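These are the residues of each chain, in order.
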Amino acid sequence: MANIGVFATILDAAGHLLLVHQNYADRVWTQPGGRVEPKESPLEALHREVREETGHRIQVERFVGAYSRIYDDDLVLAFIGRSIGSEPWAPDGEISAIGFFAPDRLPEPMTLRTRTRIADALAGRSGLVRVYDAPEHQHASFPEGL
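Throughout what follows, the structure given in this document is the object of discussion. (Residues numbered from 1 in each chain as written. Predicted model: local features only at pLDDT ≥ 70, side-chain atom pairs only at ≥ 80, totals over all residues. Heavy atoms only, no water.)

1. With respect to helix 1 (residues 42–54)
Here is the rule: Strands here are runs of E lasting at least two residues and helices are runs of H or I lasting at least four, both read from the DSSP assignment and numbered beginning at the N terminus. What a helix should span is 1.5 Å times the count of its residues minus one. To sort residues, take the accessible area from a 1.4 Å probe on protein chains only and compare it with the maximum for the residue type: under 20% means buried, over 50% means exposed, and anything in between is partly exposed. We call two residues contacting when some pair of their heavy atoms lies within 4.5 Å.
With 13 residues, helix 1 extends 18 Å between its outermost C-alpha atoms, agreeing within 8% with the 18 Å of an ideal straight helix rising 1.5 Å per residue. Inspection of helix 1 places Ala-45, Leu-46, Arg-48, Glu-49, Val-50, Glu-53 and Thr-54 among the buried residues, and these make up the whole buried set. Where helix 1 is buried, its residues touch strand 1 (3–11), strand 2 (17–22), strand 4 (33–35), strand 5 (56–69), strand 6 (74–86) and strand 7 (95–101). Among the residues trailing helix 1, Gly-55 stands out with phi positive, at a value near 80°.

2. Re the nonpolar core
Convention followed: Buried Ala, Val, Leu, Ile, Met, Phe, Trp, Tyr and Cys residues that are joined via side-chain atoms within 4.5 Å together make up what is termed a nonpolar core.
In terms of nonpolar packing, the biggest core is built from 17 residues, with Leu-17, Leu-19, Val-64, Tyr-67, Leu-106, Met-110 and Ile-118 touching the most fellow members. Elements with a contribution of two residues or more to this core: strand 1, strand 2, strand 5, strand 6, helix 2 (112–122) and strand 8 (128–134). In terms of residue count, the dominant contributor to this core is strand 6 (three residues). When near neighbours in sequence (up to four residues on either side) are disregarded, Val-64 contacts Ala-78, Phe-79, Ile-80, Asp-120, Ala-121, Arg-125, Ser-126, Gly-127 and Leu-128.

3. Digging into the pattern of salt bridges
Rule in force here: Each salt bridge in this description consists of a side-chain nitrogen of Lys or Arg and a carboxyl oxygen of Asp or Glu lying within 4 Å of one another.
Applying the stated criterion across every chain yields a total of 12 salt bridges. In this structure, the salt-bridge partner of Arg-69 is Asp-72, at a minimum N-O distance of 3.1 Å. A relative accessible area of 17% means that Arg-69 is categorised as buried. Exposure remark for Asp-72: the relative accessible area of 38% places this residue in the partly exposed category.

Dropping the structure here:
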């Protein structure tokens with residue numbers, strides 16, 4: 001069975017995106033999120049991961065799509081939501097920094113997959129399926145042509 005993850009494009013009142021800088025693997029900027037634990041719903045996992053990684057509480061507004069990395073047996077469910085409050089946050093072994101960024105001033109480095117999930121969310125898309133057959137290569141999408 002594939003690993004299932006959840007990530008969210010989270011906006012503040014000014015329309016800036018909440019992003020996290022990973023302190024492991026490729027050390028990239030990405031959306032808050034992570035793995036769904038056994039016996040945990042995707043929405044429970046999303047709220048837990050966002051709180052753990054950023055200290056923020058969120059209101060989920062819409063399901064954006066499913067993003068499959070067939071080369072890595074990984075499936076990500078993407079959502080968009082708003083920050084509705086936060087608690088104090090400090091860096092840890094997983095996340096080295098967090099911040100809100102204007103959509104046209106996203107930090108680097110960031111993967112194509114993360115940029116695509118953000119663009120899809122900000123464009124108002126919903127019900128997407130995107131399939132990647134290599135780290136930076138989209139193999140297919142539904143609806144086709146996106």
